[in-house]
Structures are given as C-alpha cells and as structure tokens.
Amino acid sequence: MHHFSYSGGRLHCEGVDLAAVAAAVGTPCYVYSSATLVRHARVIADAFRGQSVMVAYSVKANGNLAVLATLAGQGCGADVVSGGELLRARKAGIPAAKIVFSGVGKTAAEMTLALEQGIHQFNVESAAELRLLSEVAAKLGREAPVALRVNPDVAAGGHPNISTGKSGDKFGVPWGEAEALYAEAASLPGIRAVAVDVHIGSQIGDLAPMRAAFEKVVGLALRLREQGHAISRIDVGGGLGIPYKEGDAPAPPSDYAAMISEVVAGHGFEIILEPGRVIAGNAGVMLTTALYEKEAPDRTFLIIDAGMNDLIRPALYGAHHDILPLAEPGPGHPLKTYDVVGPICESTDKFASGRAMPAVKAGERLAFMSAGAYGAVLSSAYNARSLVPEVLVDGDRYEIVRRRPNFEESIGLEKVPAWLTTVA
Ligand SMILES: *Cc1c(COP(=O)(O)O)cnc(C)c1O
C-alpha cells in the first residue's frame, strides 16, 4: 500500500504532481511519501497492540533525517549499525532508550558513544565483541544491556547477497556456541544479558523460515532463563519483503505480526522489531529523465540521467524496479522493449534488460517505483556526479530534505598538497 498514483493523467505522490517536483528539483532525485511511511509504521505497531513491543526502524534502509523524524513522530525507535546512524537517529528525535545497536564491527569509540547515550540494547555478534564491550563499559562504569545475535542456521530463501542467518554468513554467534557465550557474558563486568536477537535476511516473503528461526530463538531464550539468565526481550530483527512487481505476493505485515505473536507471546518477553524495507521501500520513488535512445543490432538502449551511483540495487542484487512514465500513457500508446541504462562508465550500470514498457521519448520523465529503501542511502558521487537529492511530500506540500550539493561543496573535502602547487 502506497500513495503514488495517477491523477488527471499525471503521476502524483499524495497530492503533489511529480512532474512539478522533477522540474523544480531536477533529476535524478528521490521523493518520499510521509503518508506511506506513517501508514506502514502504524500497521506494524497496531498489529502488536496490547503486547509489549518496540518498533526499532532499521535506519540503514533510509536514514534521511526527515524520514527518521517522520517515524520518530509515530513513536518508532531505531535499529542502528554505526555511530553515525546513532547520531542521526538522536538528531531526528528518537530517544536513546528506543535505540538498539546491531552490526558485526562495532568499534570501541562507537560502543563508548552508545553507552554514554544510554541505548536500549547492544546486539552483540561475536565473543571478541562481547569482551571488548565489557572492557569499554567497565572502564566507563556503565552496564551494557546486551542481546547476543544468534545465527539460527536457517536459509531465508531470498537473494544470497541478503541472506544473513545461515551458518557461513558473517552474521551472528554460531548456534552451537550461544549458550556458552551467555554463560561467559554473565561473568563479565559491565555486561547485562537481557535479550536474544536474530535477523535472518532481507526481502523475505515466506514466513516459514522466519517462524523456524523464531521458534529456535524462543526455545533458546527459555533454556537461558532456566540457566539463570534474566532474558526479558526477544529481538526478531527485520527482513519482511515487499512487492516490487506485479505477481509478487510477500506475506503481509498483519500475517507476519500474527506469526510473531503466536511464536513469541505468552512468555512475558518484550518483542523488538527491526523493520526497514517494509516501512520505507514502497514509500519512495526515484525520478529520472530519459536522455537518448540508442539502437544496437539486437536491442534498444534507453539511456537515462540516473546511474548506478544513484540507485545501485539492480547492479548489486539484480533487483527489479517498475519504471513508470510521469505522464500516464493514453490508450493505444505503443509498447517498446528496452535495456534501461545509466550514464556511468560501468557495464553493470543497467537498470533493466529486455523491459517491455510504454515507448519513451527523449526528455520524458520516469519514476523508478519502490525505491524508498536501500536507494539514496547507497548512493555515491561516482563519476563525479553530484549526490542525489531527496524530497519529502506531505499531503499537497513538499520540501527538499537533502539538497543537491554544488561543485564547491562536492570537492570541498579534498585538497592538493602544497608540494604539488609550489613552483620549483
Ligand atoms: C538490514 C537489517 C534490518 C532491516 O532489514 P529489512 O530487510 O530492511 O527489514 C534489521 N536488522 C538488522 C540487524 C539488519 O542488518
């Protein structure tokens, strides 16, 4: 469910004509729908009504300050994977008490920051990390509330590049070592084990592997309680998939919530959720302009002004994005088959191969749908392109929430050493 649709033959985001945004802001740019973000956050929170639940939005899916502030307004917490994301979440108004810190490579400096802020929970991914966290916390005279992220050895069934819960993935503590590590945690200064955490992957449409993982995790948490650990929370991670194209039918959030309630409820655990894509994915589009059509012997290339530096998902995961013209094609508008490519000097700078879509003229504006998650956050300035701007729509108003940097700003962090500029 999202708020992007044609009205009067023009694609709108809520009450805003996207062609007007493209003209004012320039392309490429991202546009996010506040109503969609709010709706998704509410659907998830409402599904758990009456239970002790914390929705820790996964900042890495879309960390724009305005997006975070929108979700903070809905009572969301944050799942962060770096000190930078932690500071972003705090700046957007998310209280530290609603922040969980995930990731395999936390540094001592990041641990210090998170301890000083007083976050809800560290999701610890290895014995070495647990020992360092103990040292850092003890030195600060603080106690770190800890979950071990366990690797349940369950295949999520999604793309291998986004599977995280199989033995052999770099994530989590191996299943067979978890109990011993909880025992060690109990003996370490500055550590208070309060939770078990799991996150098996992303863009998962089938609830069965999630259920299998959560059942294992609840079983482990109950065994840990018997062993004397005060486990009061289960963190089920994120990973619920969204529809990217017609025919995609991932489990709806309501079924996901019902499954979690069924598996986790009844033992008095606080449930922590880390949804990312399911909140932000369908809440954003990327706008672009068609530059050229180029005929090759066996195909037609449609060259657009957005590149893999602006939206890397197709190059990184072979991901599909629907591409819609901002001006709705009338009846009888011809279809044409394109390879849709960007201007970057890389063969992987390709958004679609053999895509049948309404024929496009040079200068026409297009929208890449479902680009709100893992879109702008993964953008770069490769090929010395300027970082892609972002726009937030709310009803019939919009605001540029990250502007396009000018050349001076883009180059401002760089410097030519004096030895290169001094004439001999
Ligand atoms: C990426 C990530 C999430 C969010 O995943 P989505 O598929 O976007 O819901 C949640 N938790 C952790 C630990 C992650 O790495």
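Predicted model only: the values in this text are computed from it and were never measured.

Whenever strands of a sheet pair, they do so through backbone hydrogen bonds, lying parallel or antiparallel. Ordered in space as 1-2-3, the 3 strands form an open sheet in which the pairing is antiparallel. A single partner strand is all that each edge strand has here, and the edge strands are strand 1 (4-7) and strand 3 (16-17). The pairing of strand 1 with strand 2 (residues 10-13) spans 4 bridges and is antiparallel. Considered in strand 2, the bridge of serine 7 is made with arginine 10.

Further remarks concern helix 1 (residues 18-25). Among the residues making up helix 1, those that are buried are Leu18, Val21, Ala22 and Val25. When helix 1 is viewed along its axis, its buried side chains cluster within an angular range of 100° and face the same direction. Looking at helix 1, the residues exposed on the side facing more than 90 degrees away from the buried face are Ala23 and Ala24. Sitting at the head of helix 1, aspartate 17 places a side-chain oxygen 3.0 Å from the backbone nitrogen of alanine 19. Phi turns positive, to about 90°, at glycine 26, one or two residues after helix 1.

Cis peptide bonds are those with omega within 30 degrees of zero, and the linkage from threonine 27 to proline 28 qualifies with -5°. Residue placement: proline 28 occurs in the loop between helix 1 and strand 4 (29-33). Its identity as a non-glycine residue notwithstanding, glutamine 203 has a phi of 55°, on the positive side. Along the polypeptide, glutamine 203 turns up in the loop between strand 11 (191-197) and helix 8 (207-226).

In the case of a regular strand, side chains alternate between the two sheet surfaces. In terms of burial, strand 20 (residues 390-394) is a largely internal element, 4 of the 5 residues being buried. Here strand 4 runs beside strand 20; their pairing, made up of 4 bridges, is parallel. Across the sheet, the residue bridging to serine 33 is valine 393, located in strand 20. As paired strands, strand 20 and strand 21 (residues 397-402) are joined by 5 bridges and run antiparallel to one another. Bridge pairing in strand 21 links valine 391 to isoleucine 400.

Our next topic: a nonpolar patch on the surface. A contiguous nonpolar patch, built from Leu316, Val377 and Leu378 and spanning about 210 Å² of accessible area, is present on the exposed surface. Locating leucine 316 in the fold gives a position in helix 11 (residues 313-317).

All right, on to the domain arrangement of the chain then. Entries for the chain in the domain assignment read domain 1 (4-31 + 281-410) and domain 2 (103-273). For domain 1 and domain 2, the distance between their C-alpha centres works out to 36 Å. In this complex, domain 1 contributes 10 residues to the contact, which on the side of domain 2 involves 8 residues. The junction of domain 1 with domain 2 conceals about 760 Å² of combined surface from both sides, 53% of it contributed by carbon and sulfur atoms. Of all residues in domain 1, Asn282, Tyr317 and His320 bury the most surface against domain 2, accounting for 54% of the area lost on that side. Where domain 1 touches domain 2, the interface holds 0 salt bridges. Here domain 1 and domain 2 share 1 residue pair in polar contact (both at pLDDT 80 or more) between them.

In this section: the packing of aromatic side chains. One pass over the full model with this rule turns up 3 aromatic pairs. Ring geometry for phenylalanine 101 against phenylalanine 122: centres 6.3 Å apart, planes inclined by 25°, an arrangement best described as stacked. On the criterion of sequence distance, the pair formed by phenylalanine 101 in strand 7 (residues 99-101) and phenylalanine 122 in strand 8 (residues 121-124) is long-range, its members being 21 residues apart. Overall, phenylalanine 122 belongs to the buried group, its relative accessible area being 1%. With a centroid separation of 4.9 Å and an interplanar angle of 70°, the aromatic rings of phenylalanine 351 and phenylalanine 368 are classed as edge-to-face. Of this pair, phenylalanine 351 sits in strand 18 (residues 350-358) while phenylalanine 368 sits in strand 19 (residues 365-368), placing them 17 residues apart in sequence. The side chain of lysine 106 reaches across the aromatic face of phenylalanine 101, ending 5.6 Å from its centre. The side chain of lysine 216 reaches across the aromatic face of tryptophan 175, ending 4.8 Å from its centre.

So, about the nonpolar core. Counting 103 residues, the largest nonpolar core has Phe122, Ile260 and Val340 as the members making the most contacts within it. With 9 residues, the single largest contributor to this core is helix 8. Residues lining this core come from more than one domain, with at least three contributed by each of domain 1 (4-31 + 281-410) and domain 2 (103-273). With residues up to four places along the chain from it excluded, the contact list for isoleucine 260 reads Phe48, Phe214, Val236, Ala265, Ile271 and Leu273. Formed by 17 residues, the second largest nonpolar core is a distinct cluster that contains Leu11, Val16, Ala367 and Val391.

Calculation criteria
- Here the residue numbers are simple positions, counted from 1 along each chain's written sequence.
- With the structure being a predicted model, the display of local features is reserved for residues of pLDDT at least 70 and the display and counting of side-chain atom pairs for 80 or more, all residues being used for whole-chain, interface and lining totals.
- Side-chain metrics rest on all non-hydrogen atoms present in the structure, leaving aside hydrogens and water.
- Should DSSP find at least two bridges between two strands, the strands are regarded as paired.
- A run of H or I in DSSP counts as a helix once it spans at least four residues, and a run of E counts as a strand once it spans at least two, with each numbered from the N terminus.
- Each residue's exposure class comes from its accessible area (1.4 Å probe, protein chains only) as a fraction of the maximum for that residue type: buried when under 20%, exposed when over 50%, partly exposed otherwise.
- The arc in question is traced by the directions running from the helix axis to the C-beta atoms.
- Within 3.5 Å is the distance limit for a polar contact, defined as a pair of N or O atoms, with the added protein rule that one can donate a hydrogen and the other accept it, and that residues adjacent in sequence qualify only through two side-chain atoms.
- By definition, no residue in a patch forms a salt bridge, and every one has over 30% relative accessible area; like charges are joined within 9 Å, nonpolar side chains (Val, Leu, Ile, Met, Phe, Trp, Tyr) within 5 Å.
- For the accessible areas, the method is Shrake-Rupley and the probe is 1.4 Å, while residue cover comes only from the protein chains on display.
- What counts as a salt bridge is simple: a side-chain nitrogen of Lys or Arg found within 4 Å of a carboxyl oxygen of Asp or Glu.
- Here the bounds of each domain stem from an automatic or database domain assignment.
- Here, two residues are considered to be in contact whenever any of their heavy atoms come within 4.5 Å of each other.
- Buried area is calculated as the accessible area (1.4 Å probe) missing from two parts once they are joined, with the contributions of both summed.
- Between rings of Phe, Tyr and Trp, where Trp is taken as its six-membered ring, a pair exists when centres lie within 6.5 Å; planes separated by under 30 degrees are stacked, by over 60 edge-to-face, and by other angles tilted.
- The criterion is that NZ of a Lys, or CZ of an Arg, lies within 6 Å of the ring centre and within 35 degrees of the ring normal, and then a charge sits over that ring.
- Nine residue types can take part in a nonpolar core, namely buried Ala, Val, Leu, Ile, Met, Phe, Trp, Tyr and Cys, and a core is a set of them joined through side-chain atoms within 4.5 Å.

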